[in-house]
Amino acid sequence: MHDPAVLRSMHLARFKAEPAIFAAPGRVNLIGEHTDYAEGFVMPAAIDFATLAAISRRSDGKVVIYSENFGKERVFEADALPPAANGHWSDYPLGVLSILAEEGHRIPGFSLCLWGDVPLGSGLSSSAAVEVATALAVLSLLGARYSGPALARFCQRAENEFVGANCGIMDQFISVNGEENHALLLDCRDLSYKLVPLPHDTALVIANTMVKHAVSGSEYTTRRAEVEDACAVIARHRPEVRFLRDATVEDLERWGAEMAPNALKRARHVITENQRTVAAAEALLRGDLAGTGRLMAAAHRSYSHDFEASCPEADAMVELAQDLPGLIGARLTGGGFGGCTINLVNRKDAPAFAERLAGRYEAQVGIRPEIHICRASGGARRVELGALTERS
Ligand code: ADP
Ligand code: MG
């Protein structure tokens, strides 16, 4: 995380006002891919990359938002905020304001400085981090408090309804509710969750393939439709099955022949992925790291073969990690067709693991990957500068 004291100085120099500072982390999903919209399970962890938001009141009725990442400032009237997105980074904080206004809040004038070290657009959810940090900052001015799940929902709505990105609830939920040294098993049906300890001597090594294939948007839509088609076939026989969350492998064995071949494969991924995700949480809870690693490996195979959402670069990144010392489990994380792999690795081996994986990937694929050694971090919070100074 960037230094909040530096952000405070930046804010003071730019706006001549003492800010309150909030931090919201990015995330990585350990297991549970394309299960969220089937009302299934996901198991993300918040990571130690975060977006900071510094906020102070203004008395001139303006909303001024500065992003240090973009080096740009935008000025709006608090009582005439843009009603729609316009493809700009400010859509994300404006989306949060729009949802808070819909919830009946009167948006006051304020100055906001945003500064994050979550890599932008790499699948580590800088968008959720910026939304959650903004929401906490603005809510502090309003003196309003919401439960973690409600806050996550507002931020998801900002991204779905204002920005226009069709994301599930996972990113915002973990950014709000993450806990240090824990992953979080989230039931996307009712947002109930369980914290799952990650051993202190493990690291989350995130390896960016540096590719994102252009098909990802349209393929995402196709996959969702195939999953829904498969569910509809099962529901003809078992009307209580509303989402694949409710379906079983036995359902596929009985009625799979009525599905298009691709729908059957996609459904097999989703149904077995739900089982693997719950099983991975149970394995971690009983300290069975080898079992967790096997489930991650099976999840990657299913994602690549049945869901067909991997790509040669991501398959290579997973394959090249297999015999490196310290690896517990590796798989492609995120929406698919590129992006990052998540490697659960013994912490003492992580630096050498990262270096060797980068070397192997570059030699085979011809691209130098970015590899981040992360730990599971706490969720969004107010940053007390006094406390930071005392500790440092
Ligand atoms: P991801 O969430 O995987 O990083 P997205 O495309 O969903 O990728 O979101 C990235 C976008 O979020 C950026 O292009 C930018 O518009 C916005 N964003 C993220 N962090 C910041 C920041 N610190 N300042 C301004 N905008 C940000
Ligand atoms: Mg995002």
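The structure under discussion appears in the preceding block.
Since we're looking at a predicted model, the values are computed, not measured.

Asker: Looking at this model, I keep getting lost on the site of ligand 1. Mind explaining?
Answerer: Every one of the 17 residues lining ligand 1 counts as a neighbour, but S67, N69, G121, G123 and S126 are closest to it. Measuring from a nitrogen atom of ligand 1, one finds a side-chain N or O atom of N69 at 2.9 Å. Because more than half of its atoms lie within 2 Å of the grid, ligand 1 is assigned to the largest pocket. The greatest single-element share of the shell around ligand 1, amounting to three residues, is contributed by helix α3 (residues 126–142). Classifying every residue of the shell around ligand 1 gives seven nonpolar, nine polar and one charged.

Asker: Quick question: what am I supposed to make of the nonpolar core here?
Answerer: In summary, soluble globular proteins display a tendency toward joint burial of nonpolar side chains. One finds I55, V63, I65, F110, L112 and L186 to be the most contacted residues of the largest nonpolar core, which totals 47 residues. In terms of residue count, α3 provides more of this core than any other element does, nine residues in total. If near-sequence neighbours (up to four positions away) are discounted, F110 is found in contact with I55, S56, R57, R58, K62, V63, V64, L97, V138 and L141. Listed in part, the 29 residues of the second largest apolar core include A45, I206, I328 and L344.

Asker: Would you take a moment to explain helix α5 (residues 170–177) for this structure?
Answerer: Burial analysis of α5 places eight of its eight residues in the buried class, the great majority of the element. For α5, the full list of buried residues reads M170, D171, Q172, F173, I174, S175, V176 and N177. The secondary structure elements touched by the buried residues of α5 are β1 (20–31), β2 (41–57), α3, α4 (148–163), β6 (182–187) and β7 (193–197).

What counts and how
- Residues numbered from 1 in each chain as written.
- Chains lettered and ligands numbered in written order.
- Predicted model: local features only at pLDDT ≥ 70, side-chain atom pairs only at ≥ 80, totals over all residues.
- Heavy atoms only, no water.
- Near = heavy atom within 4 Å.
- Polar contact = N/O pair within 3.5 Å; in protein donor to acceptor, adjacent residues only side chain to side chain.
- 1 Å grid on protein atoms, 1.4 Å probe; cavity = no way out; pocket = protein on both sides within 12 Å on 5 of 7 lines; lining within 4 Å.
- Sits in = over half its atoms within 2 Å of the grid points.
- Helix = DSSP H or I, 4+ residues; strand = E, 2+ residues; numbered from the N terminus.
- Nonpolar A, V, L, I, M, F, W, Y, C, P; charged D, E, K, R; others polar.
- Core = buried A, V, L, I, M, F, W, Y, C linked by side-chain atoms within 4.5 Å.
- Buried < 20%, exposed > 50% of the residue type's maximum accessible area, 1.4 Å probe, protein only.
- Contact = heavy atoms within 4.5 Å.

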